[in-house]
Amino acid sequence: DQQVKQNSPSLSVQEGRISILNCDYTNSMFDYFLWYKKYPAEGPTFLISISSIKDKNEDGRFTVFLNKSAKHLSLHIVPSQPGDSAVYFCAAKFQGAQKLVFGQGTRLTINP
Amino acid sequence: DVKVTQSSRYLVKRTGEKVFLECVQDMDHENMFWYRQDPGLGLRLIYFSYDVKMKEKGDIPEGYSVSREKKERFSLILESASTNQTSMYLCASSFMGAPPDTQYFGPGTRLTVL
């Protein structure tokens, strides 16, 4: 049972435009959400996170939005750059737990 | 600078072989994790450890075991490798109680079982 779902396996966006990656979750007990970025032949690296008590967190070109009532979060990248081409994983954590639950990933391709 | 290293980047083994995947971290982290990454399934947790000689099953522990004899080293063992264990294996580590955004990953081991 996939508790964290990324329903779009891939996304293609023009350079300079906004990229929006979506993630849905089923368990309302998650208290922290994260986005990781993964290049081929490298391990995932942390990108941005948000606590369940917030609805928005911003870091430079990256913004994460959380809609608890819809159990939905999204990652906005603006403007998109060629170096943003990677696989993006959404992840969630239960309160007090150390382990993360990951989504399936979305491959983002930024076209010049 | 945190470093998580994995013993091999690529590994090819035969069905039935015993396989050891090694992970070493240099930041004195208490927590260590083993994941596998498969297309369409994302990262799935196999086992994790929060202290030396301690281990807990993740979501898909069947066919795997782990060993943590030293704090810096966490080994994943495939007792009898099978073709459905062909995957990318990722190790990660973090401090106990630290924010989850401080979970650091190694570069991964691409294992092929023939």
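Residues numbered from 1 in each chain as written. Chains lettered and ligands numbered in written order. Predicted model: local features only at pLDDT ≥ 70, side-chain atom pairs only at ≥ 80, totals over all residues. Heavy atoms only, no water.

Peer 1: Explain the layout of surface pockets to me, please; I cannot follow it from the model alone.
Peer 2: Vacant regions in the atomic arrangement are exposed by a probe of water-molecule size rolled over the atoms. Its volume calculated, the largest pocket comes out at about 520 Å³. Per element, the largest residue contribution to the lining of the largest pocket is 4 residues, and it comes from strand 11 (residues 106-111) of chain A. The class makeup of the residues in the lining of the largest pocket is 12 nonpolar, 10 polar and 5 charged. Quantified by volume, the second largest pocket comes out at close to 300 Å³. Lining the second largest pocket are 15 residues, and of these A:Asp1, A:Gln2, A:Val101, B:Arg44 and B:Asp59 lie nearest its centre. (1 Å grid on protein atoms, 1.4 Å probe; cavity = no way out; pocket = protein on both sides within 12 Å on 5 of 7 lines; lining within 4 Å. Points joined across faces, edges and corners; volume = space filled by probe spheres on them. Helix = DSSP H or I, 4+ residues; strand = E, 2+ residues; numbered from the N terminus. Nonpolar A, V, L, I, M, F, W, Y, C, P; charged D, E, K, R; others polar.)

Peer 1: Mind showing me how you'd approach the state of the cysteines here?
Peer 2: Here, the word disulfide means a covalent bond between the sulfur atoms of two cysteines. Counted according to the given criterion, the structure contains 2 disulfides over all chains. Here A:Cys23 is linked by a disulfide to A:Cys90, with a sulfur-sulfur distance of 2.1 Å. Its S-S torsion of approximately -75° makes the covalent link between A:Cys23 and A:Cys90 left-handed. In this pair, A:Cys23 sits in strand 3 (residues 19-25) while A:Cys90 sits in strand 9 (residues 86-94), placing the two residues 67 residues apart along the sequence. Comparing A:Cys23 with A:Cys90 shows no difference in burial state: the two are buried. Disulfide pairing places B:Cys23 opposite B:Cys91 at an S-S distance of 1.9 Å. (Disulfide = S-S within 2.5 Å. Buried < 20%, exposed > 50% of the residue type's maximum accessible area, 1.4 Å probe, protein only.)

Peer 1: Please clarify how the sheet that holds strand 3 (residues 19-25) of chain B should be interpreted in this entry.
Peer 2: What links the strands of a sheet is backbone hydrogen bonding, and the strands pair in either a parallel or an antiparallel sense. All names here are of chain B. Sheet architecture is open: 4 strands sit in the order 1-3-8-7, paired in antiparallel fashion. Unpaired on one side and paired on the other, strand 1 (4-6) and strand 7 (65-70) mark the two borders of the sheet. If you compare each strand with its neighbour and ignore which way they point, the axes differ by 20° on average. The sheet contact formed by strand 3 and strand 8 (residues 73-78) spans 6 bridges and is antiparallel. Bridge pairing in strand 8 links Leu-21 to Leu-76. (Pairing = 2+ DSSP bridges. Axes fitted to C-alpha atoms, helices over the stretch in contact; angles between N-to-C directions.)

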